[in-house]
Every structure is written in structure tokens, then in C-alpha cells.
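Reading the structure
Given next are the chains, with one letter for each unit.
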Amino acid sequence: MLKIFGDRLFDGNLWHLNRHSVSRGLAIGLFCAYLPMPFEMIPATLLSLLFRGNLPIAILGVWTSNPLTWIPMYFPGYWLGSVLLGTPPLSFDALSMDVLAHQLAALWLGCVLVGTALAALAYGLTHLIWRINILLHIRSRRQRIIK
């Protein structure tokens, strides 16, 4: 059954920790966490295979979304989608999963945009933090050699 993925499952970026695969994996995971649907791990896995992101990091990123965090996570997306579609958004107090189920267009539009922005931010910050860590390590090593 796994033959449909071919050699993609053996790509080193799916399993090894390096700046590029971790950045991609985290971005994929956080993007999929904002998708208002169940089983976000399935698209996270498929996107990790497609874009060669670290699969375990992508799965961990998806786990930021859970039934306790859905309303606080989805409200900014719902609000943004409502504003962009020109419909008056409901207040945070009036929201529930049942109400959001009737506002799917606004919810999906906003969540995809918020998820995309969060994914881009996570990708950039991961690259930056990784790079700073490498530079600090090099500086530390140079100081040890000089002493």
C-alpha cells in the first residue's frame, strides 16, 4: 500500500533534523493545525512528503490544535474571513463549533489565510533561530581555540 509514495518515504529530509526540513515541517504542521477539519495529520503527512518537510515535526505542529484550543485558534480566522467576505462577524462569546459550522466560507477563508501567515512566520523564525544558533556555536568554538 505504501508503494504509491515511492522513494519519498526514504527521503532523508522526512526524518533528519536540519534547518530546511525542520523549517518546512513546522510550517506545514502549523498550517494544517489551522485547517478547520478533523484528522489534520493526514494533510500534514501528505504535504511533508510533497515538500520534503520533517514528518515528526509536522505532526507535532498539528497537535497545537485540539478540541480545547479550536475556538481560540479559529476565532481570528473566522473574524478575518467574515470581514473579507463582508459579513458581520459574531462576537467571541457567541461562537461555538455549531455556529462556526454554519459559517464555513468565512471560517475556511480566514483559517487558510491565518494558517499561511503563521506558517510563513514559523518558517522564517526557525531559519533565523537556527542560523543564530550556528553563528553562536562558531563564535564559541573560535574563542575556545584562541584561548
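In what follows, the structure referred to is the one given above.
In this report, the structure presented in the accompanying data block is examined. The structure displayed is predicted, hence computed values, not measured ones.

This paragraph deals with the packing of helix α2 (residues 41-51) against helix α3 (residues 55-62). Packing of α2 against α3 brings their axes to within 9 Å, and their N-to-C directions diverge by 150°. As judged from the angle between their axes, α2 and α3 are roughly antiparallel. Once α2 is placed against α3, the crossing between them reads as right-handed. On α3, the residues touching M41, A44, T45 and S48 of α2 are L55, A58, I59 and V62. Here the residues of the contact of α2 with α3 sort into six nonpolar, two polar and no charged.

Turning our attention to the side chain of E40. Tracing the backbone through its elements, the reader meets E40 in the loop between α1 (19-33) and α2. It turns out E40 is buried and unbridged, and the closest side chain with the opposite charge, R24, is 22 Å from it. In this view, E40 contacts C32, A33, L35, V62, S65, W70 and Y74; residues no more than four positions away in its chain are not counted.

Right, let's talk about α2 for a bit. The complete set of buried residues in α2 reads P43, A44, S48 and L49. Of the surrounding elements, those touching the buried residues of α2 are α1 and α3. Of the residues one or two after α2, R52 is the one with positive phi, at around 60°.

Here we take up the environment of W79. For W79, the location among the structural elements is in helix α4 (residues 70-85). For W79 and K147, which are 68 residues apart along the polypeptide, the C-alpha to C-alpha distance reads 57 Å.

Rules of the game
- Residues numbered from 1 in each chain as written.
- Predicted model: local features only at pLDDT ≥ 70, side-chain atom pairs only at ≥ 80, totals over all residues.
- Heavy atoms only, no water.
- Axes fitted to C-alpha atoms, helices over the stretch in contact; angles between N-to-C directions.
- Helix = DSSP H or I, 4+ residues; strand = E, 2+ residues; numbered from the N terminus.
- Parallel < 35°, antiparallel > 145°, perpendicular 65-115°, else oblique.
- Left-handed = near helix turned anticlockwise from the far one by under 90°.
- Contact = heavy atoms within 4.5 Å.
- Nonpolar A, V, L, I, M, F, W, Y, C, P; charged D, E, K, R; others polar.
- Buried < 20%, exposed > 50% of the residue type's maximum accessible area, 1.4 Å probe, protein only.
- Lys, Arg positive; Asp, Glu negative; His and termini not counted.
- Salt bridge = Lys/Arg side-chain N within 4 Å of Asp/Glu carboxyl O.

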